[in-house]
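# What the coordinates show
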Amino acid sequence: MMHAFNFPTRAIWLSVVAATASVAALPASAAEVRVMCYQDGGECDVTNDLARRFEANNPGTKIIVDVVPFKTILEQLPVQLAAGEGPDIARVTDLGGLTRFYLDIGPYLKDRKYWEANFGSTLPWMRNKAGDKGIYGFMSQLTMTGPFVNKTLFEQAKIPLPGPKATWDEWADAARKVAKATQTPAAMAWDRSGHRFAGPAISYGAKIFDAKGNLALDEGYKTAVTKFVGWHKDGTMLKDVWGGSGGSSYADAVGEFKNGRVVMILSGSWQINRMQKEIGNAFDWVAVPNPCGTSACSGMPGGAGWVALKTTKSPKEVGQFLDFMAQEANVAEFVSRTNNIPANTGLAKKGVPYPNASPAAQAALGVFTSGTATVAPAAYALQGYKYNRALMLPTVTRLTQAIVGEISVDEAITKIGTDMTEAVKQAEK
């Protein structure tokens, strides 16, 4: 995601002086809806444009889009909500972890069936428990994890790109040969993220859940851990990305990729805008299908959701604005202008033009969109599970310890299991 500075919580609400001044001029009866938004590629700017259009048709409502760093969404928003404060709507990625703060906007929607038909596969990600039929928001876009490859390095090494059904081992082997031939520091790097790691783990047979629906580590997960740590030990993986940070903090691999230090990275579709902007004509890059393990060829779905929050004093206006944002024409404009994959299934079938995308970015969007077809059921289940961070965060911490030699692979697996069980126990209190 984006690099972010740790602004004080208070600064969020003092950040838009002009907007605040304009609110003062509103009639006392006007409803004010504050939207907390982070952006990878202009998402908040487009939301602001759509908000002005909504206001023109709903003169009694003022929409204020507060643009904040991703770190604020991740770290400060949960603290605010727990204290009974916060915005009316937020753009969030930890969908399951914040469910207790969501407001059901079902009563304020013009056509509930439209929502269920077009967002049905992801609405459960925002629900708190089995049997919950509430509508709490919608995915502003889908994301898909997957690899990017430096095609220029492959061409210089005169090595063909592995085909669409290639395995992780085949990609590692090909990327190693390319790195050696071109004197590139390493073959591969993956984002320092338990979410990114989960796709290959599931591809290697990790079921993620046991028969009772609880998080569980199995042989598939252990296989992926063993391979990943081994690739770091033998130099296939660039150590800097995972070994360069402590704890469970996030780091992406795009910086190393754009600087030509690695042949292939595992990141995701949300990075396409950044790649287009920051790599430019330095080299040719391509997105490729998720490599296969022994059981699947899966990435992890994800994305950001617009969610309604119980802290609002204007539930009806919040519901109306989200209903407006979710309409097909507005979703189409949002994803087209921001180069994202639509979460609206009706729109996904029709296809979306990307006039601002370079040929490389357009091709990458196509690869990621078609990759949604190979996502394993366990990947959807993990993404929608409200305690998924109980697995994802210790995976990062413990694998890093194994990579740098502090603990063994077996110890890493044991510790992930212990940490995971404890985290779920704490979360359920």
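Everything below is about the structure printed above this text.
Let us look at the structure shown here. (Residues numbered from 1 in each chain as written. Predicted model: local features only at pLDDT ≥ 70, side-chain atom pairs only at ≥ 80, totals over all residues. Heavy atoms only, no water.)

What follows covers the side chain of Glu 256. Of note, Glu 256 is situated in helix H11 (residues 254–258). Looking at Glu 256, the relative accessible area reads 18%, which means it is buried. (Helix = DSSP H or I, 4+ residues; strand = E, 2+ residues; numbered from the N terminus. Buried < 20%, exposed > 50% of the residue type's maximum accessible area, 1.4 Å probe, protein only.)

It is worth spelling out the side chain of Arg 398 at this point. Along the polypeptide, Arg 398 turns up in helix H18 (residues 389–403). The class of Arg 398 is buried, set by a relative accessible area of 17%. Reaching out from Arg 398, the side chain makes a polar contact with the side chain of Gln 401 at a distance of 2.8 Å. Of note is the side chain of Arg 398, whose polar atom sits 2.7 Å from the side chain of Asp 419. If near-sequence neighbours (up to four positions away) are discounted, Arg 398 is found in contact with Ile 407, Ala 412, Lys 415, Ile 416 and Asp 419. (Polar contact = N/O pair within 3.5 Å; in protein donor to acceptor, adjacent residues only side chain to side chain. Contact = heavy atoms within 4.5 Å.)

Moving on: the packing of aromatic side chains. To describe a pair of aromatic rings, one takes the distance between the centres and the angle between the planes. If you walk through the whole model with that rule in mind, you get 23 aromatic pairs. Ring centres of Phe 119 and Phe 138 lie 5.2 Å apart, and the angle between their planes is 50°; on these two criteria the pair is classed as tilted. Remark: Phe 138 occurs in strand E4 (residues 137–150) and Phe 119 occurs in helix H5 (residues 112–119); sequence separation between them is 19 residues. Both residues of the pair, Phe 119 and Phe 138, belong to the buried class. An aromatic cluster of at least three residues, connected via ring pairs, comprises Trp 168, Trp 190, Phe 197, Tyr 221, Phe 228, Trp 231 and Trp 242. (Phe/Tyr/Trp six-rings, centres within 6.5 Å; stacked < 30°, edge-to-face > 60°.)

What follows is about the pairing of strand E2 (residues 61–67). Burial analysis of E2 places six of its seven residues in the buried class, the great majority of the element. Relative to E2, strand E1 (residues 31–37) runs parallel, the two sharing seven bridges. Of the residues in E2, the one forming a bridge with Val 33 is Ile 63. What joins E1 to E2 is helix H3 (residues 43–57), and the crossover it makes is right-handed. (Pairing = 2+ DSSP bridges. Right-handed = clockwise from strand over helix to strand, strands pointing away.)

This paragraph deals with helix H13 (residues 315–326). An α-helical segment advances 3.6 residues per turn. Residues three or four places apart therefore align on the same side. For H13, built from 12 residues, the straight-helix expectation of 16 Å at 1.5 Å per residue is met to within 8% by its first-to-last C-alpha distance of 16 Å. In terms of burial, H13 is a largely internal element, nine of the 12 residues being buried. All buried positions along H13 are accounted for by Glu 317, Val 318, Gly 319, Phe 321, Leu 322, Asp 323, Phe 324, Met 325 and Ala 326. (Expected span 1.5 Å × (residues − 1).)

This next bit is on the state of the cysteines. This structure, assessed with the given rule, holds two disulfides. Covalent S-S linkage joins Cys 37 and Cys 44, the inter-sulfur distance amounting to 2.1 Å. In this structure, the disulfide formed by Cys 37 and Cys 44 twists by about -100° around the S-S bond and is classed as left-handed. Of the residues examined, Cys 44 reaches a relative accessible area of 1% and is grouped as buried. (Disulfide = S-S within 2.5 Å.)

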